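Okay, here's what each chain looks like letter by letter:
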Amino acid sequence: MYRLCGLIYFGKFHFTCRVVTGSGKVHLHDGMKTGKKLVPEGNLINMDSKMLGKLGKRKLSVLVYQKM
């Protein structure tokens, strides 16, 4: 069994990501804008797949899974 734990986006020669906690909370990370801080975005269950497909103008490039 696997769980989604990260989404990596690429665009404009810059990577950003969303981190998904074990409880399903989603946090945004963009080192250029937020530094070391994670910005809470909500719960994965409540998020639309279209929303998860993009982050601003960046497109989803990599999904990261953890083996349970």
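Right above here is the structure, for reference.
Residues numbered from 1 in each chain as written. Predicted model: local features only at pLDDT ≥ 70, side-chain atom pairs only at ≥ 80, totals over all residues. Heavy atoms only, no water.

A. Focus on the overall build of the chain. The helix and strand inventory of the chain stands at two helices and six strands. Secondary structure of the chain in N-to-C order comes out as β-β-β-α-β-α-β-β. Here the chain has a C-alpha radius of gyration of 12 Å; the compact-globule value for 68 residues is 11 Å, and the two agree. The principal-axis extent of the C-alpha atoms belonging to the chain is close to 35 × 20 × 20 Å. Taking all 68 residues of the chain together, the buried fraction comes to 29%. (Helix = DSSP H or I, 4+ residues; strand = E, 2+ residues; numbered from the N terminus. Rg over C-alpha atoms; globule rule 2.2 N^0.38 Å. Buried < 20%, exposed > 50% of the residue type's maximum accessible area, 1.4 Å probe, protein only.)

B. Looking closely at the side chain of R58. Its location among the elements puts R58 in strand β6 (residues 58–67). Within the buried set, R58 has no salt-bridge partner at all; the shortest N-O distance to an opposite charge, 4.5 Å, is to D30. When neighbours within four sequence positions are excluded, R58 is seen to be in contact with Y9, F10, G11, H14, T16, D30 and G53. (Lys, Arg positive; Asp, Glu negative; His and termini not counted. Salt bridge = Lys/Arg side-chain N within 4 Å of Asp/Glu carboxyl O. Contact = heavy atoms within 4.5 Å.)

C. Spatial organisation of the side chain of D30. Among the structural elements, D30 can be located in the loop between β3 (25–29) and α1 (31–34). In this structure, D30 is buried with no salt-bridge partner, the nearest side chain bearing the opposite charge being K33 at 4.4 Å. What D30 contacts, discounting residues up to four positions off in sequence, is H14, T16, G35 and R58.

D. How the structure looks around the sheet that holds β3. Across the sheet, six strands lie side by side as β4-β3-β2-β1-β6-β5; this open sheet has antiparallel pairing. In this open sheet, the two edge strands, each paired with only one partner strand, are β4 (39–43) and β5 (54–55). Both strand β2 (residues 14–20) and β3 contribute to a ladder of four bridges, which runs antiparallel. In the strand pairing of β3, V19 is matched with H27. (Pairing = 2+ DSSP bridges.)

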